[in-house]
There are 2 protein chains.
Amino acid sequence: MQIAFVTYPGVTALDLIGPYEVLRALPGAEVRFVWHEVGPVATDSGVLYLGATHTFADTPRPDIVLVPGSGTSTPSTARDGRLLAWLRSVHETSRWTLSVCSGSVILAAAGLLNGQNATTHWRALDLLRPFGVRPCGDLRIVAAGKIVTSAGVSAGIDLALHVAGEEAGEGYAKAIQLALEYDPSPPFDSGSTSKASVKTKALAHKIMLEHGMFRPAELASATRLAWGAALSRVRDRRIHASR
Amino acid sequence: MQIAFVTYPGVTALDLIGPYEVLRALPGAEVRFVWHEVGPVATDSGVLYLGATHTFADTPRPDIVLVPGSGTSTPSTARDGRLLAWLRSVHETSRWTLSVCSGSVILAAAGLLNGQNATTHWRALDLLRPFGVRPCGDLRIVAAGKIVTSAGVSAGIDLALHVAGEEAGEGYAKAIQLALEYDPSPPFDSGSTSKASVKTKALAHKIMLEHGMFRPAELASATRLAWGAALSRVRDRRIHASR
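Residues numbered from 1 in each chain as written. Chains lettered and ligands numbered in written order. Predicted model: local features only at pLDDT ≥ 70, side-chain atom pairs only at ≥ 80, totals over all residues. Heavy atoms only, no water.

The name an unreviewed UniProt entry assigns to chain A is DJ-1/PfpI family protein, from the organism Nocardia colli.

**Student:** Provide a residue-level description of the relation of the copies chain B and chain A, including the pertinent values.
**Tutor:** For these two chains of identical sequence, chain B goes onto chain A by a turn of 180 degrees and a shift of 0.0 Å along the axis, with RMSD 0.0 Å. Within this description, the copies of the chain are treated as partners about a two-fold rotation axis. Closest approach to the rotation axis among the C-alpha atoms of chain B is made by Leu50(B), whose C-alpha sits 2.4 Å away. The overlap is high: 100% of the interface residues of chain B also sit at the interface in chain A, so the same surface is used on both sides. (Least-squares fit on C-alpha atoms with pLDDT ≥ 70 in both. Contact = heavy atoms within 4.5 Å.)

**Student:** Can you lay out the packing of aromatic side chains for me, pointing to particular residues and giving the numbers?
**Tutor:** The relative placement of two aromatic rings is captured by the distance of their centres and the angle of their planes. Residue and element names in this part refer to chain A. One pass over the full model with this rule turns up twelve aromatic pairs over all chains. Their ring planes at 70 degrees and their centres at 5.8 Å tell us that tryptophan 35 and phenylalanine 56 sit as a pair that is edge-to-face. Pair noted here: tryptophan 35 is in strand E2 (residues 30-35) and phenylalanine 56 is in the loop between strand E5 (54-55) and strand E6 (64-67), with a separation of 21 residues, a long-range link. Residue classification places tryptophan 35 among the buried positions, given a relative accessible area of 10%. Note on phenylalanine 56: relative accessible area 8%, which makes it buried. (Phe/Tyr/Trp six-rings, centres within 6.5 Å; stacked < 30°, edge-to-face > 60°. Helix = DSSP H or I, 4+ residues; strand = E, 2+ residues; numbered from the N terminus. Buried < 20%, exposed > 50% of the residue type's maximum accessible area, 1.4 Å probe, protein only.)

**Student:** Report on the confidence of the model for chain A, specifying residues and quantitative values.
**Tutor:** Residues and elements named next belong to chain A. In this model, chain A carries an average pLDDT of 87, and 87% of its residues clear a pLDDT of 70 or more. Low pLDDT, under 50, characterises residues 214-243; the predicted model gives this stretch 44 contacts beyond four residues in sequence or across chains. The complex prediction reports pTM at 0.88, with the ipTM value standing at 0.87. (pLDDT = per-residue confidence, 0-100.)

**Student:** Tell me about the pairing of strand E3 (residues 39-42) of chain A, and name the residues and values.
**Tutor:** Pairing geometry for E3(A) and strand E4 (residues 49-52) of chain A, over four bridges, is antiparallel. Bridging across to E4(A), Ala42(A) finds its partner in Tyr49(A). (Pairing = 2+ DSSP bridges.)

**Student:** Run through the pattern of salt bridges, naming residues and quoting values.
**Tutor:** For side chains bearing opposite charge, pairing can occur when the charged atoms are close. Applying the stated rule across the entire model yields 18 salt bridges over all chains. In this structure, the salt-bridge partner of Arg24(A) is Glu21(A), at a minimum N-O distance of 2.9 Å. Of the two residues, Arg24(A) and Glu21(A), both sit in the buried class. For Arg129(A), the salt bridge goes to Asp126(A), with nearest N and O atoms at 2.6 Å. For Asp126(A), a relative accessible area of 52% corresponds to the exposed category. Each of Glu21(A), Arg24(A) and Asp44(B) takes part in a single network of salt bridges with overlapping partners. (Salt bridge = Lys/Arg side-chain N within 4 Å of Asp/Glu carboxyl O.)

**Student:** Kindly report on the interface of chain B and chain A, identifying the contributing residues and their values.
**Tutor:** The partner chain A presents 68 residues to the 68 residues of chain B that form the contact. Of all residues in chain B, Leu178(B), Glu181(B) and Phe188(B) give up the largest surface area on contact with chain A, accounting jointly for 14% of the area buried on that side. Where chain B meets chain A, there are four salt bridges. Salt-bridge contacts for Lys195(B) lead to Asp183(A); the nearest nitrogen and oxygen are separated by 2.7 Å. Scanning the region where chain B abuts chain A turns up 41 residue pairs in polar contact (both at pLDDT 80 or more). Elements with a minimum of two residues in the side of chain B that touches chain A: helix H1 (13-23), strand E2 (30-35), strand E4 (49-52), helix H5 (155-168), helix H6 (170-179) and helix H7 (198-210) of chain B. No other element matches H6(B), which puts ten residues into the side of chain B that touches chain A. Considered class by class, the residues forming the side of chain B that touches chain A number 35 nonpolar, 21 polar and twelve charged. (Buried area = accessible area lost by both parts, 1.4 Å probe. Polar contact = N/O pair within 3.5 Å; in protein donor to acceptor, adjacent residues only side chain to side chain. Nonpolar A, V, L, I, M, F, W, Y, C, P; charged D, E, K, R; others polar.)

As structure tokens, then:
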């Protein structure tokens, strides 16, 4: 059970680490952090570094692939042709193709979500539409066959427990939940846009701006660039098909 | 607002990354990952590496210090005299001294929890007693003045939101919760020992054994060694007091 976490510069660490703690406990799990090169990768805070352990070339057939989101580099990563080609290739043989937060925008840019339902961070929902994806902003997890996408950041823990249940059975997944003592008890109840006040939403926008999370200017240009990525994907596909 | 995360070999990544994502969004936050040396630090899976950014010597007065837990090296870390001395020193001026999971055992070994209530991962509760700490296994977060300890692994997110609310106000903490879309919806309800079946508990023990999480032999010897650490702490204190 080889599990590949795409570990790109600017990644939001919790998007990746939440599912990692769950999925690494699956029977026979072999975990890899994959990127173009092996070595340290800066996350979106610019302070925390994670280590990439394997290259894409080293990892042609993971059983599970997971793409986390990013507060700073979703758009640029969604234009990384070599990554998108690798995602299309590994998706052909994966058991599960997963995303957390704005990671679904990268799956969409790879052409894996065409005409499907998917979710993402509430602030990135508009980034899915240019790729022909139906955003389901009211759902925490959206399963479409072997592709499962989740809402923002912390939702990756719920997504991974869902997949663990499907893969290893509910009894096993429950034991992982207990090992991680995942009995959440947030002191407030403002974790989704349906529950948060207008004031909380405005402040959340401000915090994300100031702390290297989602940047509106980048999002706006990303919406434009998404088209370019979609086009280049079509071009890539043609080249691939003509081989 | 300098925030120091103790980043030791064998740390459980989610113990640290959950609170990091919350606390880094505090106004004026300056995040540091501290250890004896700057550089890559292997987590308890042996596969994931995090980067230590600062040494203890570089970080004499953090406003917040957080000690995460470990599935493999809580006992050895709780015997690290230089770490324990640093914790005692920074606790004198910290605004908050925090632990997640078995990180409270390390705070206890530093002598910071004497005679106090505290919590930890459900499997590590017995490790607190030799240090004269009252384990509160039924609570997710235990606040004792500026020291706040939490239950296992995922509980660090709840702990950090609590501290964010105390430090920056409830309105600000709610906005962080929304930024992280922390509206948990686990597919199962077995995240605490009070909710899990006997079968789930047995399987959780087995998983933790096999996947580099808590090891009973290490725990048993740790309970003995805890006494040694407690004694050496007393000795350290005397040396300190006689200077």
